[in-house]
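Tertiary structure, described
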Amino acid sequence: MVEEQLVSRGIRDQRVLDAIGTVPRHLFVEDAMQASAYGDFPLPIGSGQTISQPYIVALMTEALQLKGGERVLEIGTGSGYQAAILSRLCERVYTVERIDSLLGRARKVFDKLRYHNIVSRIDDGTVGWADQAPFDAIVVTAGGPVVPQPLIDQLADYGRLVIPVGDHDVQELQLLTKEEGEITVQLIEHVRFVDLIGAHGWQGFNGRS
Ligand code: SAH
């Protein structure tokens, strides 16, 4: 998977490649899907949500430029796979999910793997995690119409924020960098994520705004 799907498409950060080579992705999908867990595609994880394709996880993680000492916020725990990868690459991961049943399952896998540097909560992640801010890096794994302002506010100076922004069908994966309070935005690539639903995302149920 690492060679065929990631290195061949330009993922270069060796720490990211090693983390993806180490974390057992099959534990983050339902039993019936375990045989497909390392395929080059996203998979359903229940409640209408998906675990991202390995390449997208690698691309987003690489863009965060983690060196090991960071505190990282993730919005959209889902299966917990992205949080698990991050936990191998930084000091502590703070991850927020809005659906109870998904977070319950993810927590069991974190415990089983003894990934004790992941803390999680149920909340609308579009408001961030004010008590624990600022964060050195923030990653949003669901797509919204705009970059939530609380996340920009909770990003540390010289921090990186990676987020899909666009409509329901296609989004721009953006890398925002804060330098001396100034934000710069770079387009990474076009992606398709499930909806980011919340006060600073798509409002209401089923992503209808
Ligand atoms: N990172 C996940 C991807 C899960 S899909 C993984 O590795 O499996 C995106 C997740 O974002 C879904 O579980 C969805 O419920 C969650 N989500 C959507 N809007 C959210 C919000 N405002 N706050 C927290 N989680 C949200």
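Above this text you will find the structure in question.
Described below are features of the structure shown in this document. (Residues numbered from 1 in each chain as written. Predicted model: local features only at pLDDT ≥ 70, side-chain atom pairs only at ≥ 80, totals over all residues. Heavy atoms only, no water.)

1. Remarks on the environment of I20
- Looking at the secondary structure, you find I20 in helix α2 (residues 14–22).
- Separated by 68 residues in the primary sequence, I20 and R88 place their C-alpha atoms 9.2 Å from one another.
- Setting aside residues no more than four positions away along its own chain, I20 makes contact with M1, V2, L6, A58, Y81 and I85. (Helix = DSSP H or I, 4+ residues; strand = E, 2+ residues; numbered from the N terminus. Contact = heavy atoms within 4.5 Å.)

2. Quick notes on the pattern of salt bridges
- Tallied over the entire structure, the rule returns 4 salt bridges.
- Measuring nitrogen to oxygen at the nearest pair gives 2.5 Å for the salt bridge that ties D40 to R9. One end of the pair, D40, is in the loop between α2 and β1 (43–46); the other, R9, is in the loop between α1 (2–6) and α2, with 31 residues separating them in the sequence.
- Given a relative accessible area of 31%, D40 falls into the partly exposed group. (Salt bridge = Lys/Arg side-chain N within 4 Å of Asp/Glu carboxyl O. Buried < 20%, exposed > 50% of the residue type's maximum accessible area, 1.4 Å probe, protein only.)

3. Regarding helix α5 (residues 100–113)
- In this model α5 runs 20 Å from its N-terminal to its C-terminal C-alpha over 14 residues, within 8% of the 20 Å that 1.5 Å per residue would give.
- Every buried residue of α5 is listed here: L102, L103, A106, V109 and F110. What you see down the axis of α5 is that its buried residues fit within an arc of 120 degrees, all on one side. Exposed side of α5, more than 90 degrees from the buried face: D100, K108, D111 and K112 are the residues found there.
- Taken together, the buried residues of α5 touch β1, β2 (49–51), α4 (81–87), β4 (92–97) and β5 (118–122).
- Once α5 ends, the next one or two residues include R114, with phi positive near 60 degrees. (Expected span 1.5 Å × (residues − 1). Arc of directions from axis to C-beta.)

4. Digging into the sheet that holds strand β6 (residues 135–140)
- With respect to topology, 7 strands assemble into an open sheet ordered β5-β4-β3-β6-β7-β8-β9, the strand pairing being mixed. The sheet terminates laterally at β5 and β9 (182–191), the two strands that pair on one side only. Adjacent strand axes in the sheet meet at a mean angle of 15 degrees, parallel and antiparallel pairs treated alike.
- Pairing of strand β8 (residues 171–179) with β9, which is carried by 9 bridges, proceeds in the antiparallel orientation. Opposite L173, over in β9, you have E189 as the bridge partner.
- Set on the sheet, helix α3 (residues 54–63) makes contact with β6, β7 (155–166), β8 and β9; between it and β9 the angle comes to about 165 degrees.
- Contacting β4 and β5, α5 runs over the sheet at an angle of about 165 degrees to β5. (Pairing = 2+ DSSP bridges. Axes fitted to C-alpha atoms, helices over the stretch in contact; angles between N-to-C directions.)

5. Remarks on the side chain of Q53
- Inspection of the secondary structure puts Q53 in the loop between β2 and α3.
- Residue classification places Q53 among the buried positions, given a relative accessible area of 19%.
- Engagement of the side chain of Q53 in a polar contact is seen with the side chain of D40, the distance being 3.1 Å.
- If sequence neighbours within four positions are ignored, Q53 has contacts with R9, R25, D40, F41 and P42. (Polar contact = N/O pair within 3.5 Å; in protein donor to acceptor, adjacent residues only side chain to side chain.)

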